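Examination of the molecular architecture
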Amino acid sequence: MTIGLHHYLALSALLFAIGFGGVLLRKNTLVLFMSLELMLIASTLGLVAFSRFNGTPDGNVFVLFILAIAAVEVAVGLAIIVALFRRRGTVMVDELNALKH
Amino acid sequence: MNPSLLQQAAEAAANNSWVLITPEIMLGAIALLLLALELVLPKKHHELIPSISIAAQLGLFVALLVNRPIGLETEPFNGLLRLTGLGHCLRLYFLAASLLVSLLGAVALARRKLPRIEFFALVAVVTAALMLLAQANHFVLLFVALETATIGFYILVSYFRSSPLSLEAGLKYLVMGALSSAILLFGIVLLYGVAGNPQLAGHAADPLHFGALRHFLSANPDNLLASVGIVLVLSGVAFKIGAVPFQIWVPDVYQGAPTPVTAFLAVSSKAAGFAVLLVLTQEVFSPYQGLVLPLLGVMAGATILLGNIAALTQHNVKRLMGLSGVAHAGYLLLGIIAAFDDSARQLAVGAVLFYLVAYLLASMTVFAVMTHLAGEEDAEQELGHYTELAQQRPFLAWMLAIGLGSLAGIPPLAGFIGKLAIFVAAFKAGLYPLLAIAIVGVVLSIYYYFGWIRAAFFAPWRAAPQAGEAPVARMFAPAGLPLAFVLCLLAAGTLLLGLYQGALGQWLLAW
């Protein structure tokens, strides 16, 4: 069996779905964060596969931008989580519900 | 390295007309200058830095206003950017918003022990990113500019880091923002893949470029994968403007964020979302009107109704501003839908711009009063806190009334003309059911806006305090001179644009 574009795309869609489900279902902020990163990785996999099979090179360049952005997002996100943990002593989503009227 | 590749790179670099993005570069330079000043200046002069930031941005604003825009209708940086009159207008808009947010930030931060300088640097960087976002002509730039702005907003929302509420809002915004960005990105990937497919007619060598993508979409008017991509991209943008069903983050984040940042989110972030939506729906995705139009129509109707109904029951004024902002996004969506009709297009695009300007003036007035009156915990600002405002500080109360009246769309104010222009455009485009929903929404909104005005003007009856008992009402501090001056300017702008649109109105409505 040769691995073609469809296999890559199926894997990419699967990763995206796992990430999306994780964001909706998981309660721990850190796991939630990993799921968000998984969604970005799914997109980069799709980009590289399309770039390779369509012969359009700019998808590969876009991937580098996405990786840089993901790194920045993680840095800011972990900083907020650490600061919040110091104040509230928890990182579970269902306990972070102080913002209600 | 292959010599022809080098030559290509040199030719591509020659297309980079850096002078055309001077405003964005200057804003970046202002941000760096502020950080450098913090290092260089002795500590006792640090309170000068916010003023320097505001003065530098004011200078830039005047320079942009006086100089004629150059290079309009060109696509520098090999098509990454497209400079238009609309884009130039939005540059001025974002700069004006950034000036006001910097001023509000100076007022709010003066009372707290927090690092100050980074706030102003971040506001400048986010504004530069929003300017680029509004002029993007390529999905790579669109995504990078959007993320630069959004990540800046994550930090700004959680800026009051000693408050758990601000941090919680930051985390919620982070999770929701990252989720929407990931959805948007996956949509971009699908569009990229399908438009670059060499087996399809009209496939492009550079499928991320808006023009090339539009060419491909008009050659393949019902491609399934492209439709999925379009829906995902529009969902990502709908998140940013807070349209139903992607509005869940709005009340919590607006409540927890520092009030100046709430103003920044409400005004600049929303306007940038609409600029992107306008370009995407009117130009890039226009061959897929049959898909886009019903989607936006359902979204607009639900957004107007849900935003207004949810705002009816709010007691926290920041949540109220957030949910009423959702409703305003619905009216703006109505304008965007009207722009699909050829006979109404020009009026509709102008009306959306005019509405955005009226919204900027009115909501900045309200947020300035809120920032001034905010207590120790910024997230807890209730309607009840405004009791006796008119008796103690009539000036602030009247400014608040003008801002809220304009948001509600009361006749002599700018908000009324904005709503009227959008409704006329929608009528011309024949959107009668949506128009009916919008009018119901306006009626609902008058109820909660006037509830707020009533809280500020008419004190509930109380028994006279006994001797030795502390008075129940809060004491309100008078507004400082710069804040009072800006409030006067904003209110005058609201009144003027309501009574006489004149040259500015013509200029705005002409796009």
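Refer to the structure presented above.
The sections below set out a description of the structure shown in this document. Computed from a predicted model, the values in this text were never measured in an experiment.

Criteria and cut-off values
Counting from 1, residues in each chain are numbered in the order their sequence is written. Chain letters and ligand numbers both follow the written order, the letters beginning at A and the numbers at 1. Local features in a predicted model are, by the rule used here, given only for residues with pLDDT of at least 70; side-chain atom pairs are given and counted only at 80 or more, and totals for whole chains, interfaces and linings are based on all residues. Side-chain calculation: all heavy atoms of the structure are included, whereas hydrogens and water are not. Secondary structure follows DSSP: runs of H or I at least 4 residues long count as helices, runs of E at least 2 residues long count as strands, and numbering of each begins at the N terminus. For the radius of gyration, the atom set is restricted to C-alpha positions; the globular benchmark scales as 2.2 Å times the number of residues to the power 0.38. Exposure categories follow from relative accessible area, calculated using a 1.4 Å probe and restricted to protein chains: below 20% of the type maximum is buried, above 50% is exposed, and the middle band is partly exposed. Two residues form a contact once any of their heavy atoms are found within 4.5 Å. The Shrake-Rupley method, run with a 1.4 Å probe, gives the accessible areas here. Residue values count only the displayed protein chains as cover. Between N-to-C directions, angles span 0 to 180 degrees; the directions come from axes that are lines fitted to C-alpha atoms, helices contributing only their stretch in contact. Oblique is the label for any angle not under 35 degrees, not over 145, and not in the 65 to 115 range, which are roughly parallel, roughly antiparallel and roughly perpendicular in turn. Classes in brief: Ala, Val, Leu, Ile, Met, Phe, Trp, Tyr, Cys and Pro nonpolar; Asp, Glu, Lys and Arg charged; the others, Gly included, polar. Reported buried area values correspond to the accessible surface (1.4 Å probe) lost by two parts on association, with both partners' losses combined. When a carboxyl oxygen of Asp or Glu is within 4 Å of a side-chain nitrogen of Lys or Arg, the pair counts as a salt bridge.

A few points about the overall build of chain A
- Scanning chain A from terminus to terminus reveals three helices and zero strands.
- Ordered by position from N to C terminus, the α and β elements of chain A give α-α-α.
- For 101 residues, the compact-globule formula gives about 13 Å, and the C-alpha radius of gyration of chain A, at 17 Å, lies well above that figure.
- If one aligns the C-alpha atoms of chain A with their principal axes, the spans along those axes are about 50 × 25 × 25 Å.
- Residues counted as buried form 41% of the 101 residues belonging to chain A.
- Sequence-distant contacts in chain A: of pairs separated by 6 or more residues, those separated by 24 or more amount to 53%.
- Looking at chain A as shown, the accessible area adds up to about 5500 Å², and 70% of this sits on carbon and sulfur atoms.

Thoughts on the packing of helix α2 (residues 29-54) of chain A against helix α3 (residues 58-88) of chain A
Residue and element names in this part refer to chain A.
- In the contact formed by α2 and α3, the axes pass within 9 Å of each other and the chain directions differ by 175°. The orientation of α2 with respect to α3, classified from their angle, is roughly antiparallel. Of the residues in α3, those touching α2 at T29, L30, F33, E37, L40, T44, L47, V48 and S51 are G59, N60, F62, V63, I66, A70, E73, V74, G77, L78 and I81.
- Considering only residue class, the contact of α2 with α3 consists of 12 nonpolar, six polar and two charged.

Some remarks on the interface of chain A and chain B
- Facing the 41 residues of chain A at the interface are 45 residues of chain B.
- Summing the contributions of chain A and of chain B, the shared interface buries around 3700 Å²; its carbon and sulfur component is 78%.
- Taken together, chain A and chain B are joined by one salt bridge.
- When the shortest N-O distance is used, the salt bridge between E168 of chain B and R88 of chain A registers 3.2 Å.

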